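# What the coordinates show
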Amino acid sequence: MAEESHRSSAAEIPVTSNGDVDQSPDAVFKRDPVALNLSESHVSSINFASTTEGIIESGPYKGSASLPTSPVTPVAPSSAVASRLARSASASQADKDTMKPQPQSGAVVLSDDLKNPAMEKLDLVRKWSINTYKCTRQILSEKLGRGSRTVDLELEAQIEVLRDNKRKYQNVIKLAQTLANQLSQIMQTQRQLGDAFADLSLKSPELHEEFNYNAETQKLLSKNGETLLGAINFFISSVNTLVDKTIEDTMINIKQYEIARVEYDAYRTDLEELNLGPRDATTMPKIELSQQQFQIHREKYERMRNDVSVKLKFLEENKVKVLHNQLILFHNAIAAYYAGNQQQLEQTLKQFHIKLKMPGGDSPSWLEEH
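Not measured: the values here are computed from a predicted model.

Moving on: the packing of helix α7 (residues 283–339) against helix α8 (residues 342–351). Where α7 meets α8, the closest approach of the two axes is 8 Å, and the angle between their N-to-C directions is 165 degrees. Of the possible angle classes, the one that applies to α7 and α8 is roughly antiparallel. Both α7 and α8 take part in a crossing whose hand is left-handed. Between α7, through Leu329, Asn332, Ala333 and Ala336, and α8, the contact on the second element is made entirely by Gln344, Leu345, Thr348 and Gln351. Of the residues that constitute the contact of α7 with α8, the class distribution is 4 nonpolar, 4 polar and no charged.

Printed below as a string of structure tokens:
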């Protein structure tokens, strides 16, 4: 618009043939923006006879850099123009909104989801650290004689008896295994001795019967020893299952019960210490939280105590049943073997539904249950 105004003013300046600006009064008057009729601006050569060659004519002027002398009546735009302007403004605003960075709600949710596992792990580590600290402090206090502990006298006595019995059963298994190994060596020696007597009975006709009797005796002892060895191995296997599986399963429950007892006492001690302190707006939330934790661990301790009591009861019944049968088996087998009663030894195996595998090649004989 400024360029057009500048061009319009320049078009109205008359010049001579030499390129100088005409300074005549008429020309100056013609250049006066007030006196000029801007709507019908037309430069003519009528009043400038002396400078006809240098006059520049211009067409009708469509605008002006100066303000109009008459008042301008505002013209309201048509409805079509208004609608186009509105659409243009809406499109421009939409482009601006598109250019602006929009908040990525999906990315924020995804970020929260990614942070949740880390926050959960952090919270678990924090709780584990607090719990470990409290339990360690409680254990040290008990060992130093400064802290108190919850004791169920009846249950603690049963647990101690079970631990003592477990040690004794393990010792019995160890001794029975030693006896089985020694018996296996004796059987091997008896077989070798029987083979030696049989060979001498063939090479010594004058002592054939004597060597033959001894060979048969050693072979019979070796055979009975295999039967006894099978019974002892079955006894060892059954008692070992009782100790390493049944009793050990109960011992795991006892360990969990003891951990629950330590946690219960640790949170009980912590609650007692808070109750001894002042009660104000700062400590009351801590006391309420400690009370909640104490109640949770108290319920856990009572639940574990009941579980251990039930486990011990069933274990005692199972232990008596298993050991009753195994002790009778062991006694009858040993007695029949050393009495030389082969029939009674075999009857003992049938009584407890045990049979010997048929020896094949160099494979040893063992007992198995139906």
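Moving on from the model shown.
Another aspect to go through is helix α6 (residues 208–276). Taking 1.5 Å of rise per residue, 69 residues should cover 102 Å, and α6 covers 98 Å from first to last C-alpha, within 8% of that figure. The largest bend along α6 reaches roughly 40 degrees and is located at Glu248.

Turning our eyes to something else, we now look at the packing of aromatic side chains. As enumerated under the stated definition, the model contains 6 aromatic pairs in all. Here the aromatic rings of Tyr257 and Tyr301 are separated by 5.7 Å at their centres, their planes lie at 25 degrees, and the arrangement is stacked. Of the two residues, Tyr257 is situated in helix α6 and Tyr301 in helix α7; the sequence distance between them amounts to 44 residues. Arranged with centres 5.6 Å apart and planes meeting at 25 degrees, the rings of Tyr264 and Phe294 form a pair that is stacked.

Moving on, we come to the side chain of Lys319. Residue placement: Lys319 occurs in helix α7. Taking relative accessible area as the criterion, Lys319 reaches 10% and is therefore assigned buried. In terms of polar contacts, Lys319 uses its side chain to reach the side chain of Glu316, at 3.0 Å. Not counting residues within four places of it along the chain, the set of residues in contact with Lys319 comprises Asn165, Tyr169 and Leu242.

Looking now at the pattern of salt bridges. The full count for this structure, using the stated rule, is 13 salt bridges. Here Asp164 makes a salt bridge to Lys168, at a shortest N to O gap of 3.1 Å. Highlighted residues: Asp164 and Lys168, both in helix α5 (residues 153–203), separated by 4 residues, approximately one helical turn. Note that Arg261 and Asp265 form a salt bridge whose closest N and O atoms lie 2.7 Å from each other. In this pair, Arg261 and Asp265 are both assigned in helix α6, 4 residues apart and thus about one turn of the helix distant. Exposure class is identical for Arg261 and Asp265. Each is buried. Connected via shared salt-bridge partners are Arg261, Asp265, Arg268 and Glu272.

With 57 residues, α7 extends 80 Å between its outermost C-alpha atoms, agreeing within 8% with the 84 Å of an ideal straight helix rising 1.5 Å per residue. Where α7 terminates, the next one or two residues include Gly340, which has phi positive at roughly 75 degrees.

The interhelical angle for the contact between α6 and α7, taken along N-to-C directions, is 165 degrees, at an axis separation of 8 Å. In terms of their interaxial angle, α6 and α7 are classed as roughly antiparallel. Read as a crossing pair, α6 and α7 show a hand that is left-handed. Taken together, the residues of the contact of α6 with α7 break down into 31 nonpolar, 14 polar and 11 charged.

Cut-offs applied
- Residues numbered from 1 in each chain as written.
- Predicted model: local features only at pLDDT ≥ 70, side-chain atom pairs only at ≥ 80, totals over all residues.
- Heavy atoms only, no water.
- Axes fitted to C-alpha atoms, helices over the stretch in contact; angles between N-to-C directions.
- Helix = DSSP H or I, 4+ residues; strand = E, 2+ residues; numbered from the N terminus.
- Parallel < 35°, antiparallel > 145°, perpendicular 65-115°, else oblique.
- Left-handed = near helix turned anticlockwise from the far one by under 90°.
- Contact = heavy atoms within 4.5 Å.
- Nonpolar A, V, L, I, M, F, W, Y, C, P; charged D, E, K, R; others polar.
- Expected span 1.5 Å × (residues − 1).
- Bend = angle between axes of the 7 residues up to and from the residue.
- Phe/Tyr/Trp six-rings, centres within 6.5 Å; stacked < 30°, edge-to-face > 60°.
- Buried < 20%, exposed > 50% of the residue type's maximum accessible area, 1.4 Å probe, protein only.
- Polar contact = N/O pair within 3.5 Å; in protein donor to acceptor, adjacent residues only side chain to side chain.
- Salt bridge = Lys/Arg side-chain N within 4 Å of Asp/Glu carboxyl O.

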